[in-house]
Amino acid sequence: MSKKATFIILLITATISVGFYQFGKPSNEDDRFVSYIVNPKEQNLEFFWKNEKGEHFKNAENLISWLKTKNKKLLFSMNGGMYKKDNSPQGLYIENKIIKSEIDTLNGNGNFYLKPNGVFYLTTDKNPMICKTEDFINNGMIKYATQSGPMLVIDGEIHTAFKKNSTNLNIRNGVGILPNNQIVFAISKKEINFYDFAEYFKKLGCKNALYLDGFVSRTYLPEKNWKQIDGNFGVIIGVTE
């Protein structure tokens, strides 16, 4: 084998290795976060708010108990957006193609209104998307959707309102779409600013990523021994089997 051929093979191998390291298992790259990758084409991703009796799930503990009655198991869950005092979603919420809370295009104070905010949604053919609120169109083929804000990464760039070395620190959780069209969910283990949180998603290659919530955030991921089952939320995003 010629030196040129050997070099090309080594280059291809190195490229594949870097791609796998960067995109294959981002959850192992940064100890500041607990993250989980979902392939929506192969895994059962669902959004939860109320049970059939109209009772709010509120947290992973209640959701786990309810799923057991359906002979289902919770593999992962995370609070899926901001909510009002009555546990109703703030902004758009779609569950099984039914709009249960209308989209919010108003201006206001707080993280939700740090424009642009955005929508994370899953189509009926299981394609995940994140877009700015102003770009969202409900074509009747949206199975699940949750609105939140601010956007963390927009078209590959960090939200311009975020500042490096900001002292605005908090626990934060969010969601991004990886280059292979899989979904990465992440929660910070300790307080972090918006810029550093957004940068994490950008480094993973996410073209768009959305902030879900902060101080109150909880994640249930037993495969990584992360079992936060308390809380009092609105929407919960979960993966079941």
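Structural notes, computed from the coordinates.

Thresholds applied
- Residues numbered from 1 in each chain as written.
- Predicted model: local features only at pLDDT ≥ 70, side-chain atom pairs only at ≥ 80, totals over all residues.
- Heavy atoms only, no water.
- Pairing = 2+ DSSP bridges.
- Helix = DSSP H or I, 4+ residues; strand = E, 2+ residues; numbered from the N terminus.
- Axes fitted to C-alpha atoms, helices over the stretch in contact; angles between N-to-C directions.
- Salt bridge = Lys/Arg side-chain N within 4 Å of Asp/Glu carboxyl O.
- Buried < 20%, exposed > 50% of the residue type's maximum accessible area, 1.4 Å probe, protein only.
- Core = buried A, V, L, I, M, F, W, Y, C linked by side-chain atoms within 4.5 Å.
- Contact = heavy atoms within 4.5 Å.
- Polar contact = N/O pair within 3.5 Å; in protein donor to acceptor, adjacent residues only side chain to side chain.

Across the sheet, five strands lie side by side as β5-β4-β8-β6-β7; this open sheet has antiparallel pairing. In this open sheet, the two edge strands, each paired with only one partner strand, are β5 (98-101) and β7 (128-132). Averaged over all pairs of adjacent strands, the angle between their axes in this sheet comes to 25°, without regard to strand direction.

The next thing to look at is the pattern of salt bridges. A complete count under the given rule lists seven salt bridges for this structure. Between Glu 52 and Lys 70 there is a salt bridge, with its nearest N and O atoms 3.3 Å apart. Linking Glu 52 in the loop between β2 (44-48) and α2 (60-69) with Lys 70 in the loop between α2 and β3 (74-79), this pair joins segments that are 18 residues apart in sequence. Exposure remark for Glu 52: the relative accessible area of 55% places this residue in the exposed category.

As a further point, take the nonpolar core. In terms of nonpolar packing, the biggest core is built from 27 residues, with Leu 45, Phe 120, Val 175, Ile 183 and Phe 185 touching the most fellow members. Phe 112, Ile 158, Leu 178 and Ala 198 belong to the second-largest nonpolar core, a separate cluster that totals 23 residues.

Topologically, Asn 107 is positioned in the loop between β5 and β6 (118-123). For Asn 107, the contacting residues outside a window of four places in its chain are Tyr 113 and Lys 115. Looking at Asn 107, its side chain comes within polar contact range of the side chain of Lys 115, at 3.0 Å.

We now examine the side chain of Thr 240. Note that Thr 240 resides in strand β16 (residues 236-240). Take Thr 240: its relative accessible area is 4%, and that puts it in the buried class. At 2.7 Å, the side chain of Thr 240 forms a polar contact with the side chain of Asn 44. At 2.8 Å, the side chain of Thr 240 and the side chain of Glu 46 are in polar contact. Leaving out residues up to four positions away in the same chain, Thr 240 has contacts with Asn 44, Glu 46, Phe 48, Leu 67, Lys 72, Lys 73 and Leu 74.

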